[in-house]
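What follows is the residue order along each chain.
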Amino acid sequence: MGGGNREGRAMVEKKRTWSLERKRRTFCYLALLPILSIFLIIRVIPIIRTFALSVTDASLISLKSNYIGLDNFKNLLSDDLFLLALKNTTLFAFATVALSVSMGLLLSLLMYRKSTLSPLYETIYFFPVITPMVPVAIIWKWIYDPSYGLMNYILFWFGIKPIGWLVYPDIALWAIVILSVWKVVGYNMMIFLVGLRNIPSMYYEAARIDGAMGFGLFRYITFPLLKPILLFIIVVTTINSYNVFTQVYVMTTGLQGAPGNTVRVLVYDIWENAFRYSRMGYASAEAVILFLIILLLTLAQFKIVKSEA
Amino acid sequence: MKQVIKVVLVVGFILSLTILPLSAGGKTEKSQATQQITLTLWGGWPEIQPVYEKVAADYNKQNPNITIKVLTHPLREFEQKLSATIPADQASDIIEASPYPVQKFISAGLIPPAPQRVVDYMTKPGRFPEALVKANKGPDGKYYGLNYFQGRHVIFWNKDMFKEAGLPGAPTTMDEMISYAQKLAKRDAQGNLVRSGLSLRLSGGGSGVGEKFWMYLYPFGGSIIEEMPNGKWKAGYDNEAGYNTLKMYIDMVWKYKTDDHKIKHDAEAFQLRQTAMFARESWVIGDTRKKAPDLNYDTAPMPKGVRWGDLATGVNLYVSRSCKNPDAAWDFILFLNTDENLRYLLDTTGWLPQRMDADLKASLDKEPRYKAFLFSHPDYKIYTYPTLPEYDEILTKFAERMVKAFLDSSLVDNPAGIRKVLSDAAAETNSILKRAGKLAE
């Protein structure tokens, strides 16, 4: 009898726990529902729609569109402007990632040793991150002005002739890389700093007992333990760099009298085809290619960092 | 008695059914007459906003139930706004735009044609330039929008700089223009150009570089695209005219060094006394009045080549498909075109009205430099944008190629290189026309 009662009580308890668990889960799903719905509407559905549009000749101003298979993708391969944009964006992304990650790491190592001025330096380096891109780009456009810009003024002290920073495509790309690295390096530094401060000191103590010093500590303790942070920073910076638009638009294209499309990048090309020439199908095909490039690069980065870990 | 009451009730009921709608109808008519109407107007030339606001206030005094709200944006952003809002029926009631970027919306049936009373007003002989009225026709032969102001081009020249260089006055021919530019250019001790002889449009977003190239291509005898007798089109610059025009740009930048990418350009350079001459629209007069009131300059018609003429870019006012009160909207557009309001437009902004029969004497007496914009001669042709929806893409892509070519110093004394640039650009122009089914094969 007693055993039967215990079993019965256990059954009731189990049912109650299950019911409570179900209620909790239901609550969680219900609580997540609004944000999931928003994510579905503003992210997932547009991505699916972009894929669908990329195989049509859809126009922004016409409701009718025809299925044209892979014609948009084939045409893109012979489109000089698209190929130039792809080349420029890739160069920009690799340069920005390499410079901002290495400089961010270097700065974080310098900041790691706490001093009374550390918070001030951290604020100074982080300041560009919180400043909106449009005013930043306008200020840098003035800095790069060939006639009155600060950059040429400084170069003049060293006897260097004025440089058309945003005039010549080869120079303009690097001028925008400099701005972009300056803008993002503070963010990378802060994330690295968080990673560095989370490495338990006992590892360093043990390594020192084993005779490790200076670069050895960095090579065998700091760097391996920072790899997850490094992966995060590389992935985020790569994605942001491939999506570069604002600084290029403001500094080289946006206004009358601006230097023009000296630096054509992918997002600008997509925007121009979609909203200037109304070629939504063609622009969607470009967006699909951009999506696939970023996806492949992210997967490759995950694979490389994981295989080394 | 009961029967009588019943009859009275039935008759009363029937009467009420008859009278009620009548009284309601009376109310409707009355409410339409006094109905509060708010119209929105969007424009791409922010300097004209004060004019619209003043004219809207005057219109509101005459029509207290109609209010007009004005919103303007820089041109490039405005064109994007139109692309996103017109197809979605979210655009303003009245839209200010040039006919050529609006063509794609007209072709897609997204802009309604102008009503007959507006067409009658527009097509009255001598009222508007013929080329600009023709440009208002859609592919269906109907007229869209009503002409408002125009961008006509003239040569702005600095009188002090011309005097200093010993030049008698503005150039009258293309050869003179090229030769004068060399005499007017000024360099510092290090050899850096500090003042251009002729400020060319060497860079910039959108189609502007292409448009300015076209202004010099015309006197050389070319065009960006030319219409064939069968109504189809092909690139019109892959020829001697195109070669001479591009050669002129390359020589002026790299050979004669009368202009440089690194110095200021356009109206800004003129107002800062960093260029001796350049070609632009009449708004520069209004702008210079504010920014460089002491500048000693004059204006002159565009120089002659194998032919002579001026590119006129009309700006019209359209009523959108989503406008709920199109009659009121068209009425306001006609009000904007009255003599008094056109004089106010010219005096305030420097933009030249399209109406040729408007009495602008008071404005022209006040500012005689506007007269060059109204220059008329049997040989001086007014030409404008073709009404092709694809023209914006053609001109923008052509402009991008020219920006690149102007940076290429290897094109100096390189006829084959120049011809290759033009031939590659023409292949692109023709491929856009082909995609649209409008290429003259």
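Scroll up to find the structure.
Note on numbering: residues in each chain are counted from 1, in written sequence order. All chains are assigned letters beginning at A, and all ligands numbers beginning at 1, according to the order in which they are written. With the structure being a predicted model, the display of local features is reserved for residues of pLDDT at least 70 and the display and counting of side-chain atom pairs for 80 or more, all residues being used for whole-chain, interface and lining totals. Calculated side-chain values reflect all of the structure's heavy atoms, with hydrogen atoms and water omitted.

(A) View of the overall build of chain B. Put simply, DSSP H or I for four residues or longer makes a helix, DSSP E for two residues or longer makes a strand, and each gets a number counted from the N terminus. If you tally the helices and strands in chain B, you get 17 helices and 15 strands. Overall, the C-alpha framework of chain B stretches about 115 × 55 × 40 Å when taken along its three principal axes. Relative accessibility thresholds used throughout: buried, under 20% of the residue-type maximum; exposed, over 50%; partly exposed, between the two (1.4 Å probe, protein chains only). The buried share among the 441 residues of chain B stands at 55%. Contacts are residue-level and defined by heavy atoms, with any inter-residue pair within 4.5 Å sufficient. Expressed as a percentage of contacts within chain B between residues at least 6 apart in sequence, the contacts between residues at least 24 apart total 75%. Put simply, chain B shows about 18,800 Å² of open surface, and 55% of that area lies on carbon and sulfur atoms. Within this scheme the basic residues Lys and Arg register as positive and the acidic residues Asp and Glu register as negative, but His and the chain ends are omitted. For the purpose of locating charges, the reference atoms are NZ of Lys, CZ of Arg, CG of Asp and CD of Glu. Here chain B carries 56 positive and 51 negative side-chain charges, and the mean point of each set is 3 Å from the other. Under the convention used here, a 1.4 Å probe and the Shrake-Rupley method define accessible areas, while residue burial counts only the protein chains that appear.

(B) Structural view of the packing of helix H2 (residues 49–62) of chain B against helix H14 (residues 339–349) of chain B. Residues and elements named next belong to chain B. The angle between two axes is taken between their N-to-C directions and runs from 0 to 180 degrees, where each axis is a line fitted to C-alpha atoms and a helix contributes only its stretch in contact. Interhelical geometry of H2 versus H14 gives an angle of 150° and a closest axis separation of 10 Å. When the interaxial angle is binned, H2 and H14 end up roughly antiparallel. Relative to H14, the crossing made by H2 is right-handed. Where H2 abuts H14, its residues Pro50, Val51, Lys54, Val55 and Asp58 lie against Glu340, Asn341, Tyr344, Leu345, Thr348 and Thr349. When grouped by side-chain class, the residues that make up the contact of H2 with H14 number five nonpolar, three polar and three charged. An angle below 35 degrees is treated as roughly parallel, one above 145 as roughly antiparallel, one from 65 to 115 as roughly perpendicular, and anything else as oblique. The hand of a helix crossing depends on one turn: near helix anticlockwise from the far one by less than a right angle means left-handed, and clockwise means right-handed. Gly counts as polar in this scheme, as do all residues outside two lists: the nonpolar Ala, Val, Leu, Ile, Met, Phe, Trp, Tyr, Cys and Pro, and the charged Asp, Glu, Lys and Arg.

(C) Spotlight on the sheet that holds strand S2 (residues 66–72) of chain B. All names here are of chain B. Strand pairing is assigned whenever DSSP identifies at least 2 bridges connecting the two strands. One open sheet accounts for six strands, arranged S2-S1-S3-S13-S4-S14; its pairing is mixed. The open sheet has two edge strands with one neighbour each: S2 and strand S14 (352–353). Pairing between strand S1 (residues 37–43) and strand S3 (residues 94–97): two bridges, direction parallel. Bridge pairing in S3 places Trp42 opposite Ile95. Strands in contact with helix H13 (residues 326–336) are S1, S2, S3, strand S4 (146–151) and strand S13 (313–319); relative to S13, the strand with the most contacts, it is inclined by about 150°.

(D) Broad picture of a nonpolar patch on the surface. Residue and element names in this part refer to chain A. Only residues above 30% relative accessible area that lack a salt bridge enter a patch, with like-charged residues linked at up to 9 Å and the nonpolar side chains Val, Leu, Ile, Met, Phe, Trp and Tyr linked at up to 5 Å. Counted as salt bridges are all cases of a side-chain nitrogen of Lys or Arg within 4 Å of a carboxyl oxygen of Asp or Glu. On the surface, a nonpolar cluster with roughly 770 Å² of combined accessible area is contributed by Leu32, Ile35, Leu36, Ile38, Leu40, Ile41, Ile42 and Ile45. Topologically, Leu36 is positioned in helix H1 (residues 2–53). Taking the relative accessible area as the measure of exposure, Leu36 reaches 47% and is therefore partly exposed.

Interpretation note: all reported values are geometric properties and have no functional meaning in isolation.
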